[in-house]
Amino acid sequence: MHELSIASGMVEKLLQFQSENPEKNIVEVRLAVGELSHIEEEQFRFCYEAITTETPLQGSTLEIEKIEAVVSCPHCGFQGRPKYWDGALSGIAVPTLECPSCGKAAEAIEGKECAIKSIRFTENSAVASC
């Protein structure tokens, strides 16, 4: 369950921002999560909520934008959605780095990210974005 360590690192950065800007109260965090990061959204939300309990982030919302995987094949030139391994885990299709065109190893060019896109905070009774 790597969601816990990723959520912990993110919350640490958010709390650092909050401590450096005590006049700001974080109310929403927007996160971009790539399909190839293998972060399970509900587990990540659970970890975020558990970690932020009794911190200045308690009650903030977490919005997750899913980024689809895109692969590029250096062998045949294919660029697009990856091949999926159907039914690998309880009927869930798992993206692979196998080229759907020629079957050789492809490179991920999108879908690996896990990054804070933006935060929304209140400041002096007004809502602002960063």
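Refer to the structure above for everything that follows.
Predicted model only: the values in this text are computed from it and were never measured.

*Asks:* So what's going on with the sheet that holds strand E4 (residues 79-80)? Which residues, and what values?
*Replies:* Sheet architecture is open: three strands sit in the order E4-E3-E7, paired in antiparallel fashion. Two strands close off the open sheet at either side, each with one partner strand: E4 and strand E7 (107-110). Bridge analysis of strand E3 (residues 70-72) against E7 gives three bridges, and the strand direction is antiparallel. Note that in E7 the partner of Val-70 across the bridge is Glu-110.

*Asks:* So what about the pattern of salt bridges? Which residues, and what values?
*Replies:* Applying the stated criterion across every chain, the model contains nine salt bridges. A salt bridge links Glu-41 to Lys-66, with the shortest nitrogen-to-oxygen separation between them at 3.4 Å. With Glu-41 in helix H2 (residues 41-52) and Lys-66 in strand E2 (residues 61-67), the pair connects residues that are 25 residues apart, well separated along the chain. A relative accessible area of 19% means that Glu-41 is categorised as buried.

*Asks:* Any chance you could break down the layout of surface pockets for me, citing the residues and the numbers?
*Replies:* Approximately 510 Å³ is the volume found for the largest pocket. If you list the elements that add at least two residues to the lining of the largest pocket, you get strand E1 (24-34), E2, strand E5 (84-89) and strand E6 (92-95). With four residues, the single largest contributor to the lining of the largest pocket is E6. In the lining of the largest pocket, the residues fall into ten nonpolar, two polar and four charged.

What counts, and at which threshold
Residues numbered from 1 in each chain as written. Predicted model: local features only at pLDDT ≥ 70, side-chain atom pairs only at ≥ 80, totals over all residues. Heavy atoms only, no water. Pairing = 2+ DSSP bridges. Helix = DSSP H or I, 4+ residues; strand = E, 2+ residues; numbered from the N terminus. Salt bridge = Lys/Arg side-chain N within 4 Å of Asp/Glu carboxyl O. Buried < 20%, exposed > 50% of the residue type's maximum accessible area, 1.4 Å probe, protein only. 1 Å grid on protein atoms, 1.4 Å probe; cavity = no way out; pocket = protein on both sides within 12 Å on 5 of 7 lines; lining within 4 Å. Points joined across faces, edges and corners; volume = space filled by probe spheres on them. Nonpolar A, V, L, I, M, F, W, Y, C, P; charged D, E, K, R; others polar.

Limitation: the analysis is restricted to geometry and does not speak to function.
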